[in-house]
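Structural characterization, general
These are the residues of each chain, in order.
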Amino acid sequence: MLFAKKSKGYFVDYSDNGCLIARTSASSGPMVIEQVTEVPAGDEATLQEALSQIETKKNPSGYVHATVGVYPDQRFVRRATLEVKRLKEPTYLNEMVSTQLRVEPDKNAIALLNANDGTDYDVGKGSQKEVLCCGLPNNAVVELQDRLLSWGIYPERLELGSVAALGAIVSMLAVQQSDVPTLVLEIGGNSTHSFIVSRQGVDASRPIPQGLDSMIPVVQKELNLKDEESARKLFYSNTFDFAGMGPLLIKKLFKELQSSIGFYEVQTGQSIGQIVCLLLPPKLGWLEAVIATQLGVAPMKYDFAAWLQSQGITPPDESAGVTFDNRWLGILGLMANHHASVSQKE
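Report on the accompanying structure.

How each quantity is defined
Residues numbered from 1 in each chain as written. Predicted model: local features only at pLDDT ≥ 70, side-chain atom pairs only at ≥ 80, totals over all residues. Heavy atoms only, no water. Helix = DSSP H or I, 4+ residues; strand = E, 2+ residues; numbered from the N terminus. Buried < 20%, exposed > 50% of the residue type's maximum accessible area, 1.4 Å probe, protein only. Axes fitted to C-alpha atoms, helices over the stretch in contact; angles between N-to-C directions. Parallel < 35°, antiparallel > 145°, perpendicular 65-115°, else oblique. Left-handed = near helix turned anticlockwise from the far one by under 90°. Contact = heavy atoms within 4.5 Å. Pairing = 2+ DSSP bridges.

1. Comments concerning unusual backbone geometry
The phi dihedral of Arg-102 is positive, around 55°, even though this residue is not glycine. By secondary structure assignment, the location of Arg-102 is in the loop between α2 (92–101) and β6 (108–114). The backbone phi angle of Gln-177 is positive, close to 50°, even though this residue is not glycine. Structurally, Gln-177 is set in the loop between α4 (161–175) and β9 (182–187). On the accessibility criterion, Gln-177 (61% relative accessible area) is exposed.

Set out below in structure tokens:
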């Protein structure tokens, strides 16, 4: 039928901190968010129950067919500069990825995106120099797909949640008519992915070899705990107020951030004005305020209502009791579809 009703859309944002799951009235275009649910990390039984409840019409395959955003440790989202004149050389792109990004092309699924708007980079035309090189190891793609299938999720599109979130932030800055360069941090256990974005796109990127794990020895030392495991449990439980210790906890990370920001400000003449911290465990959300204070900037304020309207996305009814915050940027970015999907292995 020419005007057949669009099928429901299902979106999953999966990270080490848990799963966000949403059902929408359509899989693309204008859509209404009909239902959302959040599942804690490692709670497979609750995840299975959530999937069962959110699917209105069971798929004959037994799987929930969804667009899935993931954040594997080995992912990379790096801004790179191309030599446009060399694009027609058959070995150039592999050489660029190997030398600039230290990534082995044959072992990774890689996508090139335009740094200003996240669209697929057209190698044939080769008109723009600045790109985002995004990807993850091929074996990580297979591992993630197998894990999702074991949970009853069939990933129709498997995408990097980092790219989805960056797309949402960039377009939100445009909707809010904000010219403030914004520092975006994805703070993981072993490392931190640092980005500087504006309404014009992703302006800078840098991986930093410090994450939450680097803060554990500081906790142990300052509280005179017997071992790092005790410090880790206390840190992640949030039963102790660590805010006063914050500057000490982020000292190593802060030094790296100062270096990145200083280079950006010298290059562009612009100053960072606000910060967004993604992927922090809910009990460590206070770290964003600590980092913002140390950098002398403010946490970003979001106008989700205006942004959702600009994307043709209607939020769930107020009775659903959902309050969007930065934890939702990844899954909302998947709905807005600002970016290309990561290539899948069959």
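2. Let's talk about the packing of helix α8 (residues 251–268) against helix α9 (residues 287–295)
Packing of α8 against α9 leaves a shortest axis separation of 11 Å and a crossing angle of 50°. The angle between α8 and α9 places the two elements in the oblique class. Crossing handedness for the pair α8 and α9: right-handed. For the pair α8 and α9, contact is made by Leu-253, Phe-254, Leu-257 and Ile-261 and by Ile-291, Gln-294 and Leu-295, respectively.

3. Comments concerning the sheet that holds β6
Through backbone hydrogen bonds, the strands of a sheet pair up, either in parallel or in antiparallel fashion. Read from one edge to the other, the open sheet built from three strands follows the order β5-β7-β6, with strand pairing classed as antiparallel. The two strands at the open ends of the sheet, each matched to only one other strand, are β5 (76–81) and β6. The mean inter-strand angle of the sheet, taken between neighbouring strand axes irrespective of direction, is 25°. Against the sheet, helix α3 (residues 138–150) engages β6 and β7 (130–137), with an angle of about 60° to β7.

Purely geometric stuff here, so don't read any function into it on its own.
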